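Results of the structural survey
What follows is each chain in one-letter form.
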Amino acid sequence: MGIVEKIKAKAKANMKRIVLPEGDEKRTVQAAAICKKEGIADVVLLGDEEKVCAAARETGADITGIEIVNPETSQNAPAYAEVLYELRKSKGVTPEKADEMVKDPMYYGIMMVKMGDADGLVSGAVHSTGDMLRPALQIIRTKPGYKTVSAAFVMEFPNPAIGHEGVMIFSDGAVMPNPTAEELASIAVASAESARTLCGIDEPRVALLSFSTKGSAKHELVDKVRTAAELAHQMAPELILDGELQLDAAVVPEVAALKAKGSPVEGRANVLIFPDLQAGNIGYKLAQRFAGAGAFALLQGIARPCNDLSRGCSVEDIVATVAMTAVQAQA
Ligand code: ACO
């Protein structure tokens, strides 16, 4: 069974309520119909009911029994606006502005999650990453104890000898352009948690990557990674974690024995932490394009699960992301 099938099975065992703000988008309605039919999640579609139904008719999606909520006319909108105003008034949001904002399905969906009316949110088939992330970061915010929200990529390799039965976590590939050492430490700890929750990796082995292994190069960029490893160790002393390590010292036991003697990771990392977003985004795409790995992005370190899709996503990608969001909500 592949990782997505395993995650779907977990989602079905304890169904969660997931809101899809892009409810009148054709791939989204098709995905909602599949989630309903297969019992993956109790999905809610946001949008004008006529437009949502038109998208369903055009694609042949059976959305019978799926709740549709129109933020423009919803009875919950005034209460959501009031809370939104309280949360964002220090940032210049007025009561009138909050009333306007909650009519936007993205903000309405985020408020549903904030208020506990949905367990999680999936969006991004139409919206850009920034447009989806900003309201999530502003309103849902970070989990207690975490410094930053970041993106874990669940990487599934055709070769089962890689990582944990062919599965690894790569972070951060989508959110923090240039994390501080504290933020990088937080990304490392959140990534270990994602490995456990989503991938069933009972023993995450976390490597903080650099162009240096254990002082082989001297540079402030290397110092940042080494400090991050120390801070991550303080945050979660029980974790198997090491840095700074070059990629080969992180994933090849023979190289680790030469370059990083005594490293607790022992060249068997299954969670890779990239030093910044340029490296992380390039790294996951290299694995995707050259090694044929599947890549599924998820936000971590966020107080409640909200996940972004690529605008080029398929119906199956949306279904998979809904399932992953539901599993995060279970945790
Ligand atoms: N974690 C927690 N909170 C955050 C984070 C974070 N990583 N980043 C920003 N915030 C908070 C800020 O503190 C701020 O809160 P406040 O308004 O209460 O003060 C709020 O979120 C908005 O932050 P800004 O800095 O004003 O927002 P910004 O315009 O910088 O956008 C964003 C943040 C969208 C995450 C930005 O960093 C970004 O664009 N990142 C890259 C996204 C991207 O393009 N990724 C690559 C493509 S995706 C892919 O390839 C799969």
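Keep in mind that this is a model prediction, so the values were computed, not measured.

Some remarks on the sheet that holds strand S8 (residues 240-245)
Reading across from one edge, S8-S7-S9-S6-S5-S10 is the order of the 6 strands in this open sheet, with mixed pairing throughout. Each edge of the sheet is formed by a strand with only one pairing partner; in this case those strands are S8 and strand S10 (294-300). For this sheet the average axis-to-axis angle between neighbouring strands, irrespective of direction, equals 20 degrees. Strand direction decides the pairing type here: strand S6 (residues 167-171) and strand S9 (residues 271-273), joined by 3 bridges, are parallel. In the sheet register, Ile 169 faces S9, and the bridge partner there is Val 271.

Considering the sheet that holds strand S3 (residues 67-69)
Pairing in this open sheet of 5 strands is parallel, and the strands run S3-S2-S1-S4-S11 from one edge to the other. Since the sheet does not close on itself, it has two edges, and those belong to S3 and strand S11 (306-308), each with one partner. Across the sheet, the mean angle from the axis of one strand to that of its neighbour is 25 degrees, orientation sign disregarded. Relative to S11, helix H7 (residues 129-140) is tilted by about 165 degrees, and along the sheet it contacts strand S4 (120-123) and S11.

Observations regarding the side chain of Asp 308
Along the chain, Asp 308 falls in strand S11. Buried charged residue Asp 308 carries no salt bridge. Nearest counter-charge: Arg 311, at 7.5 Å. Side-chain polar atoms of Asp 308 contact the side chain of Thr 129, separated by 3.0 Å. Setting aside residues no more than four positions away along its own chain, Asp 308 makes contact with Ser 123, Gly 124, Thr 129, Met 132 and Ala 297.

Section: the packing of aromatic side chains
In total, this model carries 4 aromatic pairs according to the counting rule given. Ring geometry for Tyr 80 versus Tyr 108: centroids 4.9 Å apart, planes at 50 degrees, classification tilted. Here Tyr 80, found in helix H4 (residues 77-88), pairs with Tyr 108, found in helix H6 (residues 105-114); they are 28 residues apart in sequence, far enough to count as distant. Taken individually, Tyr 80 and Tyr 108 each receive the classification buried, so the pair is uniform in this respect. Here a set of aromatic residues connected by ring pairs shows up, and it is made of Phe 157, Phe 170 and Phe 274.

Digging into the nonpolar core
Counting 65 residues, the largest nonpolar core has Ile 63, Val 154, Val 206, Leu 208 and Val 322 as the members making the most contacts within it. When residues of this core are assigned to their parent elements, the largest contribution, 11 residues, is made by helix H8 (residues 181-199). Here this core spans two domains, and each of domain 1 (3-141 + 303-330) and domain 2 (150-295) adds at least three residues to it. Ignoring anything within four residues of it in the chain, the contact list for Val 206 reads Ala 188, Ala 192, Leu 239, Ile 240, Leu 241, Asp 242, Val 265, Val 271 and Ile 273.

Focus: the pattern of salt bridges
If the charged atoms of two oppositely charged side chains come close together, the side chains can form a pair. For the structure shown, the criterion picks out 17 salt bridges. Close ionic contact of Lys 8 with Glu 316 constitutes a salt bridge, the shortest N to O distance being 3.3 Å. A residue pair is termed long-range when its members are at least 10 positions apart, and Lys 8 in helix H1 (residues 3-13) and Glu 316 in helix H13 (residues 315-330) qualify at 308 residues. Accessibility expressed as a relative area gives 40% for Glu 316, which makes it partly exposed. The shortest N-O distance in the salt bridge between Glu 67 and Arg 17 comes to 3.1 Å. With Glu 67 in strand S3 and Arg 17 in strand S1 (residues 17-20), this residue pair connects regions lying 50 residues apart in the sequence. A relative accessible area of 36% places Glu 67 in the partly exposed class. Its relative accessible area of 23% is what places Arg 17 among the partly exposed residues. What emerges from the salt-bridge pattern is a single network uniting Glu 203, Arg 205, Glu 266 and Arg 268.

A word on the side chain of Arg 88
Along the polypeptide, Arg 88 turns up in helix H4. Here Arg 88 occupies a buried position and makes no salt bridge, while the nearest side chain of opposite charge, Glu 86, is found at 12 Å.

Definitions and limits used
- Residues numbered from 1 in each chain as written.
- Predicted model: local features only at pLDDT ≥ 70, side-chain atom pairs only at ≥ 80, totals over all residues.
- Heavy atoms only, no water.
- Pairing = 2+ DSSP bridges.
- Helix = DSSP H or I, 4+ residues; strand = E, 2+ residues; numbered from the N terminus.
- Axes fitted to C-alpha atoms, helices over the stretch in contact; angles between N-to-C directions.
- Contact = heavy atoms within 4.5 Å.
- Buried < 20%, exposed > 50% of the residue type's maximum accessible area, 1.4 Å probe, protein only.
- Lys, Arg positive; Asp, Glu negative; His and termini not counted.
- Salt bridge = Lys/Arg side-chain N within 4 Å of Asp/Glu carboxyl O.
- Polar contact = N/O pair within 3.5 Å; in protein donor to acceptor, adjacent residues only side chain to side chain.
- Phe/Tyr/Trp six-rings, centres within 6.5 Å; stacked < 30°, edge-to-face > 60°.
- Core = buried A, V, L, I, M, F, W, Y, C linked by side-chain atoms within 4.5 Å.
- Domains from an automatic or database assignment.

Structural measurements only, silent on function.
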